[in-house]
Amino acid sequence: MSIYNMNNYIPYGRQVISDQDVEAVIRVLRSEYLTQGPAIPSFENRLIEYCGVRHAVAMNSATSALHVAYLALGLTAGDVIWTTPITFVATANAALYCNATVDFVDVDLETANMSMAALEEKLFKCRRNKSQLPKIVVPVHMGGYSCDMRKLHELSREYGFFIVEDASHAIGGSYGADKIGACSYSHITVFSFHPVKIITTGEGGAAVTNDVSLAEAMRMLRSHGVTRDTKLLSKFEGWWYEQHYLGFNYRMTDMQAALGSSQISGLDAFVERRRYLARRYCGLLADLRLRSFTQESVIAQSSNHLFIVQLVREDQPKRNSVFEAMRCADIGVNVHYIPVYFQPFYKRMGFSEGYCQNAEEYYNGAITLPLYPELTDEQQDYVVEKLGNALSI
Ligand SMILES: *Cc1c(COP(=O)(O)O)cnc(C)c1O
């Protein structure tokens, strides 16, 4: 019997909340503004500074931020976005909110990121029929490891599409000399601050961009499409505001923003601890029969949001029993992700199994192991021991 019981359940990810975080939220609760106050722009400024980008728009989720990002780029009925099937459904759903359609580009097996070869081939096939070309391509930095943004940027120039990075996993990661979110190779980058992600605001998200007009559009869309910015108004009475778009209430509260600012102070330490644990996993797992999965390279440093192991093909039939054995040992393994088009809702749109073969091959072997800053070395040893046992059955 192990010494671990339900109280020692090890989830695949969880937040770190410090006393400083708690105090930051309490300060807001005792202040004048619970929402639409000064904590919002100060959180946005922290994001701007951290990412090395010009503008940030905080919202109540990454899903909202994706929706507003797509709208700001003009996505509408008759348009198409391309993303990968290995993502959370929100990446694709947000395009459907705009009445656009979604198509999927296959992934590379080593990273589960969008395959630039598959993308290039698919674009080339559509070159004569412009209506099939995507308006926006949405790469997802799986587990926090950046896609090949230089190549993607090159293709966007050639084919004339916009790029929105779904960096829900990736704050704290880097690409070349940039932090993820610098938007050197994209129009907009979106982050999530859900508690399983790298930093949290409870629920929350943000869109960052270097383009002032995109930032203004997103800022309006997050709050009913309404503005009080005198540059944008046609009248100047003190009470005057104007609605320019059909917007939403996607606002973040000041409590959340204050928590976010406080969390950013811990971000580099969180990522450092995650990186230590990810490297330690790689060492401990070296002798197990697993396929390699890239999270680090000369060009990109992952935020190490997820630690994914890949069963070799012959072991894939065991995935369910390995998963169950880990869960029985109170280890909250998970699978990221079921290909989006496996969902009944997407099947009804005409997608069927076999559409993206690498994505399916990756999915069939994928298991996410626990990884979060407060995971101890001892807990990690326990996870590795149980995985070794489960694989050898
Ligand atoms: C978590 C996540 C989202 C959605 O984030 P929310 O903040 O929960 O809306 C979108 N895309 C990816 C890749 C995610 O991991």
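Residues numbered from 1 in each chain as written. Predicted model: local features only at pLDDT ≥ 70, side-chain atom pairs only at ≥ 80, totals over all residues. Heavy atoms only, no water.

> Explain the packing of aromatic side chains here, please?
For any pair of aromatic rings, the description consists of the separation of the ring centres together with the inter-plane angle of the planes. All chains considered together, the criterion is met by 15 aromatic pairs. For the ring pair Phe88 and Tyr337, a centre distance of 6.4 Å and an interplane angle of 45 degrees mean the geometry is tilted. Placement of the pair is Phe88 in the loop between β2 (80-83) and α4 (90-97) and Tyr337 in the loop between α9 (319-328) and α10 (344-347), with a sequence separation of 249 residues. According to the relative accessible area criterion, Phe88 is partly exposed, its value standing at 49%. By the ring-pair criterion, three or more aromatic residues cluster together here, those being Phe104, Tyr341, Phe342, Phe345, Tyr346, Phe351, Tyr355 and Tyr363. For the cation-ring pair, Lys347 lies above Phe342, with the distance from its terminal atom to the ring centre recorded as 5.9 Å. (Phe/Tyr/Trp six-rings, centres within 6.5 Å; stacked < 30°, edge-to-face > 60°. Helix = DSSP H or I, 4+ residues; strand = E, 2+ residues; numbered from the N terminus. Buried < 20%, exposed > 50% of the residue type's maximum accessible area, 1.4 Å probe, protein only. Lys NZ or Arg CZ within 6 Å of the ring centre and 35° of its normal.)

> How should I be thinking about the site of the ligand in this particular structure?
Contacts to the ligand come from 15 residues, most closely from Thr63, Asp166, His169, Ser192 and Lys197. One nitrogen or oxygen atom from the side chain of Asp166 is found 2.8 Å from a nitrogen atom belonging to the ligand. At a separation of 3.0 Å, an oxygen atom of the ligand approaches a polar side-chain atom of Tyr337. Within the complex, 92% of the 380 Å² of free accessible area of the ligand lies under protein. (Near = heavy atom within 4 Å. Polar contact = N/O pair within 3.5 Å; in protein donor to acceptor, adjacent residues only side chain to side chain. Areas by Shrake-Rupley, 256 points an atom, 1.4 Å probe, with all protein chains shown as cover.)

> In this structure, what is going on with the pairing of strand β1 (residues 55-59)? I would like to understand it.
Taken residue by residue, a regular strand's side chains alternate between the two faces of the sheet. Across the five residues of β1, five count as buried, placing the element largely inside the fold. Both β1 and strand β9 (residues 205-209) contribute to a ladder of five bridges, which runs antiparallel. Across the sheet, residue Met59 finds its bridge partner in β9, namely Gly205. (Pairing = 2+ DSSP bridges.)

> Whenever I open this one, the sheet that holds strand β12 (residues 290-291) confuses me. Can you help?
For sheets, the rule is that strands pair by backbone hydrogen bonds, running either parallel or antiparallel. Spatially, three strands are ordered β12-β14-β15 in an open sheet, and the strand pairing comes out antiparallel. Either end of the sheet is taken by a strand with one partner, and the two such strands are β12 and β15 (366-369). Pairing analysis gives four bridges linking strand β14 (residues 307-311) to β15, with the strands arranged antiparallel. Note on β15: the bridge partner recorded for Ile308 is Thr368. Along the sheet, α9 makes contact with β14 and β15, crossing β15 at roughly 15 degrees. (Contact = heavy atoms within 4.5 Å. Axes fitted to C-alpha atoms, helices over the stretch in contact; angles between N-to-C directions.)

> Is there a simple way to think about unusual backbone geometry in this case?
Peptide bonds are trans in most cases, and residues, glycine excluded, mostly fall at negative phi. Going from His336 to Tyr337, the amide bond is cis rather than trans, its omega being -5 degrees. The residue Asn99 is not glycine, and still its phi comes out positive at about 65 degrees. Along the chain, Asn99 falls in the loop between α4 and β3 (101-104). Residue classification places Asn99 among the exposed positions, given a relative accessible area of 56%.

> Help me understand helix α2 (residues 39-51), please; the structure alone is not making it clear to me.
Owing to its 3.6 residues per turn, the α-helix aligns residues three or four sequence positions apart on the same side. In this model, α2 (13 residues) spans 18 Å end to end at C-alpha, consistent with the 18 Å of a helix rising 1.5 Å per residue. Buried within α2 are the following residues: Ala39, Ile40, Phe43, Glu44, Leu47, Tyr50 and Cys51. Looking straight down α2, one finds its buried side chains confined to an arc of 135 degrees; they lie on one side. Looking one or two residues beyond α2, the residue adopting positive phi is Gly52, at roughly 70 degrees. (Expected span 1.5 Å × (residues − 1). Arc of directions from axis to C-beta.)

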